[in-house]
Amino acid sequence: MVRHGIANKVAIIGCEMTKYGERFDKDQYGLLSEAALGACKDAGIPKDDIDAAWVGVFYYFTGLSGTTVEDALRLNGKPITRCENYCASGMDAFRNACFGVASGAYDIGLACGVEKLMDEGGSGLPGFKIFGHPVYPMPSAPAMFSMAATRSFHVWGWTKEDLARVAVKNHENGFYHPKAHFRTKIGIEDVVKAPMIADPLGRFDCCAMSDGAAALIITRPELAESYVHSKDYVIVKANEISVFTMAPWYWPGYNFISFPATVKASEMAYKEAGITNPRTQVDLAEVHDCFTITELLNCQDLKFCEMGKAAEELKNGTFNYDGEIAVNPSGGLKSFGHPIGSTGCRMLVELTKQLQGRAEGRQVKDAKIGLAHNLGGAYSVCSVSILGKKD
Amino acid sequence: MIGIKAYGAYLPKNLLPREIIAKMWDFPVVPGTKSVASIDEDSLTMAVEAGLDCLTGIDPKTIDGLFFATTTQVYTEKDSASLIATVLDMRDNIITADFTDSLKSGTSAVCRAVDSIKANKDIKRILVIASDTRQPEPATFWEYGFSDGAAAILVAEEESLPLSIEDYYSVATNVTGPWKRTGTDKFIRTFEVKMDSQFYSNNVMRVITEIMKRNNLKPEEIDSVAYYYNDPRSHQRVAKKLKLGQGVAQNGLFFQIGDLGTAMPFALLISALKRPKDDAKVILAGVGDGADAIYMKVQDRKQVRELTKTRMGLSEHQKTMIPMKNYGMYIENKRLLEKDRYTRKSSATILWRETASIYQMYGLKCRKCGLVQYPSMFKACHQCRADNEFDKIKLKLKGKIFTFSLDHLVGGSYYNTPVPRCVIDLEEGGRILCDMTEIEKPEENVKIGMDVELTFRLMHEGAEFKNYYWKCRPPRGRI
């Protein structure tokens, strides 16, 4: 397979995210308008400079087609595409926008994501009664991921406390981020004693339902030189996506302690970005901590540490914002919640600001290379993007 | 000869001590226990279980018909027998019929099976399954009796059979109770219990007396009589009037498991055959707006014993029953509480297209690499990625848990939680996901490596339709 990749062909010249949380005050159009116009302002361009847009939306009730963007921005008939790829929808919107710009078809692209969950009520993800198969069991999202926790406990001897440390670290980071949904520090006891959602995952092992939007303005590097962020625009080093089955529980022999989509997407992304030792070469990572177990397994699948060692490394501080490799210095999904279609774009906004040295929460020192990771469905779809500082 | 080739039974997991009912309503105590179906069971799912038990070691493709008897139909328009036959993986060029609305429909179905075999040279084996889940009105004496269960009898024409069917005799007499009006009545009604009892005695004695007369049998020559009853006193009265010897009239079941409705005569027959004698003369009788009596003879004691050994029957099920702790558990499982139930979408086309996967538990075996996989909606091999290179393969209905979750978020609702979602490696291949049913304290008892059996259950009633699929349960000993 010939792969030319996207490395060094796209620059991020503006970005913004909304405040995440129970945004009862705004609908999806309001959230998207706030994020997209914020990104335009950051790039120093009027909205009419946008040539084409891609939007990550997961749920039909947030919006079908590109009209969600049109009804937020009135781009006067410009091309807009909705991207849906489970929880990786936002980062896949970004990936497609990159192709649009890198190909030369468009000069300025808008990549954005939005999800309006809180209009649907708050007990778990909505829609499970409507989609899927009529009779095959339909585990809730926490149940899907807790199958991996059950197996990890069995194989590696991990415990509820090991999972709890992920939540404690991420809420500690989120405390400092003004855009986070939750800004409260918690202790291991809080996590371990919380009510069960899907054993062994309790309430604090799960990310919350939330509303939010995020947006990025991209162009080609040679054009980036003429915009306001000419000195500190951020370069796309890699952008990959990997898709496996929607129902891993039917996959004979699958081990449930590693997510093949993450392994594959990250292998491709590292190759594309020329990264041979992720642990030393990646300065910070926004990874998909939809559940605490997911972050531990992500750290292993992304080769930040050896298989089976993530719990120990986390305990030792390797993944703290000032550790060897900062994992979720923003506070992650644990602090922001998970408005599905927006999350991938939110991670990329966070990386961009970190690499520019203007992080809104905890700034990772001398951040040069950042990685964003989205994992969706039943660990079916994984997006990995690597961003770098302008040389 | 025409006779009985095999039998099987099913009793649900729950056993309700009658003292719980007595305590609830401050009633006089009636001793014993009764079986109670779980919330995801109905007459159809229990019939599948009894059918599986009966067909142990018998190829379902060799069965030429299925008769289903019940007074608690899951649909009033739509045949249950054809779905049961599908789930049991029988052929589709068979005869089916539902026998309903009378407690004698089980015995009537056996008589009609004999007639069909006599009348049609292509029909040699008919599976008759009786199953009931009658709803007793709370705080009435019916509540002590009505219980849930199913039993199956395979009627066949073969040179050698465990039991022969020699003769039957029926009467049809209209009685004025009990009844349940279509659509309007949730519970059974009656005018006068004493009159019901008299009709019962008259009918059952009439058919048993007549069948003995027709076959020149004296009461002392009869080894066992299995006749329906819903009250031990009237049972005893009938036995006395018929001058049956000690232990001939089968009793004891009401005390242990209650009144199984249409399945009761079959269940009594199965318990009568525990200690068979060669040439033993057995009478089976069902009652309800008339009565049927069927005269049978044990042809081969060894074959009967073999049947008892190789099937769960009643006793193996009874070993794994667990007492219910309170009245709340009972009314919740019997759906006597009015509340919104969790539903999902329903699709007639998917249920039809995936019949082999959904109802019959067929998987796929890759012709290239041999991997056994499930369900059939996937078109390329999980392992070698070959496209559409599969053979259909029947999966085993048991396996071990590879991993699981205990899910509290059931469709955004919180009924009967947590639901164990179990990833199961089936014996001889195939991996599936099943919800677990009938597990006590799942937090303590569901484990990796645990053995489980699959059981056919009602999943939900989305689109006002009964959506059935397989769940798993801790093993009850199905062979």
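Being a predicted model, the structure only gives us computed values, none of them experimental.

A. Local environment of the overall build of chain B. Along chain B, the regular secondary structure elements total 15 helices and 20 strands. Radius of gyration (C-alpha) of chain B: 23 Å, near the 23 Å computed for a compact globule of 479 residues. Counting only C-alpha atoms and orienting by the principal axes, one finds that chain B spans roughly 70 × 55 × 35 Å. A sequence separation of at least 24 residues applies to 71% of the contacts in chain B between residues at least 6 apart.

B. Expanded view of helix H4 (residues 141–156) of chain A. Residue and element names in this part refer to chain A. Helix length check: H4 (16 residues) gives 23 Å between terminal C-alpha atoms against 22 Å at 1.5 Å per residue, within 8%. Taking burial as the measure, the 16 residues of H4 include 13 buried ones, the bulk of the element. Downstream of H4 by a residue or two, Gly157 has a phi angle that is positive, lying close to 70°.

C. Main features of the domain arrangement of chain A. Residues and elements named next belong to chain A. Domain boundaries in chain A define domain 1 (11–122 + 210–224) and domain 2 (141–206 + 235–389). One C-alpha centre belongs to domain 1, the other to domain 2, and the line joining them spans 23 Å. The interface is formed by 39 residues belonging to domain 1 together with 34 residues belonging to domain 2. When residues of the side of domain 1 that touches domain 2 are traced back to their parent elements, those giving at least two are strand E1 (11–17), helix H3 (89–102), strand E4 (109–116) and strand E7 (211–219).

D. Expanded view of the sheet that holds strand E1 (residues 2–10) of chain B. All names here are of chain B. The strand order across the open sheet formed by nine strands is E5-E4-E6-E7-E1-E8-E11-E10-E9, and the pairing between neighbours is mixed. In the strand order of this sheet, the two ends are held by strand E5 (95–100) and strand E9 (224–227), each with one partner. Put simply, the sheet's adjacent strands are angled 25° from each other on average, direction ignored. As paired strands, E1 and strand E8 (residues 163–171) are joined by two bridges and run antiparallel to one another. The residue of E8 that forms the bridge with Ile4 is Leu163. Of the strands in this sheet, E1, strand E4 (65–70), strand E6 (125–133) and strand E7 (148–157) touch helix H2 (residues 43–54), which is tilted by about 45° from E7.

E. Structural context of the domain arrangement of chain B. Residues and elements named next belong to chain B. The domain architecture assigned to chain B consists of domain 1 (2–333) and domain 2 (348–473). Relative placement of domain 1 and domain 2: their C-alpha centres are 31 Å apart. With 14 residues of domain 1 at the contact, the number on the domain 2 side is 14 residues. Broken down by secondary-structure element, the contributors of at least two residues to the side of domain 1 that touches domain 2 are H2 and helix H3 (81–87). Element by element, the count of residues in the side of domain 1 that touches domain 2 is highest for H2, at three residues. Among the residues forming the side of domain 1 that touches domain 2, the class breakdown is five nonpolar, three polar and six charged.

F. Representation of the pairing of strand E3 (residues 80–83) of chain A. All names here are of chain A. As defined by bridge partners, strand E2 (residues 52–56) adjoins E3 across four bridges and the pair is classed as parallel. What sits directly across from Trp54, in E3, is Thr81. Since E2 and E3 lie parallel, the crossover through helix H2 (residues 67–73) that links them has a hand, and here it is right-handed.

G. Summary view of the packing of helix H5 (residues 160–174) of chain A against helix H10 (residues 292–301) of chain A. Residues and elements named next belong to chain A. Between H5 and H10, whose axes approach to 8 Å, the crossing angle comes to 95°. Judged on the interaxial angle alone, H10 and H5 are roughly perpendicular. Taking contact as the criterion, the partners of Leu163, Val166 and Ala167 in H5 are, on H10, Thr292, Ile293, Glu295 and Leu296. Broken down by class, the residue content of the contact of H5 with H10 amounts to five nonpolar, one polar and one charged.

H. Examining the confidence of the model for chain B more closely. Averaged over every residue, the pLDDT of chain B is 95; the share at 70 or more is 99%. As a predicted assembly, this complex carries a pTM of 0.95 together with an ipTM value of 0.95.

I. Layout of the interface of chain B and chain A. At the interface, 37 residues of chain B touch 30 residues of chain A. For the side of chain B that touches chain A, the secondary structure elements donating two or more residues are helix H13 (348–353), strand E14 (372–373), strand E16 (398–407), strand E17 (419–426), strand E18 (431–435) and strand E20 (467–473) of chain B. Class assignment for the residues of the side of chain B that touches chain A results in 18 nonpolar, twelve polar and seven charged. Summarising the sheet, strand E5 (residues 196–199) of chain A and E16 of chain B pair through two bridges and their orientation is antiparallel. Within E16 of chain B, the residue paired with Asp199 of chain A across the bridge is Leu406 of chain B.

J. Focus on the sheet that holds strand E13 (residues 362–366) of chain B. Residues and elements named next belong to chain B. Taken in spatial order, the three strands line up as E14-E13-E15 in an open sheet, and their pairing is antiparallel. Every other strand in the sheet has two partners, leaving E14 and strand E15 (390–394) as the edge strands with one partner each. Examined bridge by bridge, E13 and E14 share two bridges and lie antiparallel to one another. From the neighbouring strand, Lys365 faces E14, where its bridge partner is Val372.

K. Here's a closer look at the environment of Thr81 of chain A. All names here are of chain A. Among the structural elements, Thr81 can be located in strand E3. Taking the number of C-beta atoms within 10 Å as the measure of exposure, Thr81 has 15 and is therefore partly exposed. Residues Thr81 and Arg203 lie 122 residues apart in sequence; the distance between their C-alpha atoms is 35 Å.

L. Quick look at the packing of H3 of chain A against helix H13 (residues 340–355) of chain A. Residue and element names in this part refer to chain A. Where H3 meets H13, the axes come as close as 5 Å, and the angle between the chain directions of the two elements is 60°. Relative to H13, H3 is oriented oblique. Seen from H3, the contacting residues are Ser89, Gly90, Met91, Ala93 and Phe94; seen from H13, they are Ile340, Gly341, Ser342, Thr343, Gly344, Cys345 and Leu348.

M. Summary view of the nonpolar core. Counting residues in hydrophobic clusters, the biggest one holds 279 residues, and the most contacted among them are Cys112 and Leu216 of chain A together with Ile84 and Val128 of chain B. When sequence neighbours within four positions are dropped, the list of residues in contact with Cys112 of chain A reads Leu32, Ala35, Ala36, Ala53, Val55, Val69, Ala93, Ala213, Ala214, Ala215 and Cys345 of chain A.

N. Region of the structure containing the pairing of E1 of chain A. All names here are of chain A. Burial runs high along E1: seven of the seven residues are buried. Relative to E7, E1 runs antiparallel, the two sharing six bridges. Residue pairing in the sheet places Met17 in a bridge with Ala214 of E7. Here E1 runs beside strand E8 (residues 234–243); their pairing, made up of two bridges, is antiparallel.

O. Region of interest: unusual backbone geometry. Following Asp199 of chain A, the chain continues to Pro200 of chain A via a peptide bond in cis, the omega torsion being 0°. In this fold, Pro200 of chain A is placed in the loop between E5 and strand E6 (201–202). Cis geometry marks the peptide bond from Tyr374 of chain B to Pro375 of chain B; its omega dihedral reads -10°. Mapping Pro375 of chain B onto the fold places it in the loop between E14 and E15. Notably, Ser65 of chain A is not glycine yet its phi reads approximately 65°, a positive angle. Positionally, Ser65 of chain A belongs in the loop between E2 and H2. Look at Ser65 of chain A and you get exposed, because 12 C-beta atoms sit within 10 Å.

P. Inspection of helix H7 (residues 232–241) of chain B at higher detail. Residue and element names in this part refer to chain B. Burial in H7 covers these residues: His235, Val238 and Ala239. Here the buried residues of H7 occupy an arc of 100° about the axis, which is enough to place them on one side. Along H7, exposed side chains directed more than 90 degrees from the buried face belong to Arg233 and Lys240. Here the buried face of H7 lies against helix H6 (193–214) and E9. Backbone geometry just downstream of H7 places Lys243 in the positive-phi region, at approximately 60°.

Calculation notes
- Residues numbered from 1 in each chain as written.
- Chains lettered and ligands numbered in written order.
- Predicted model: local features only at pLDDT ≥ 70, side-chain atom pairs only at ≥ 80, totals over all residues.
- Helix = DSSP H or I, 4+ residues; strand = E, 2+ residues; numbered from the N terminus.
- Rg over C-alpha atoms; globule rule 2.2 N^0.38 Å.
- Contact = placed C-beta atoms within 7 Å.
- Expected span 1.5 Å × (residues − 1).
- Buried ≥ 20, exposed ≤ 12 C-beta atoms within 10 Å, placed from the backbone.
- Domains from an automatic or database assignment.
- Pairing = 2+ DSSP bridges.
- Axes fitted to C-alpha atoms, helices over the stretch in contact; angles between N-to-C directions.
- Nonpolar A, V, L, I, M, F, W, Y, C, P; charged D, E, K, R; others polar.
- Right-handed = clockwise from strand over helix to strand, strands pointing away.
- Parallel < 35°, antiparallel > 145°, perpendicular 65-115°, else oblique.
- pLDDT = per-residue confidence, 0-100.
- Core = buried A, V, L, I, M, F, W, Y, C linked by C-beta atoms within 7 Å.
- Arc of directions from axis to C-beta.

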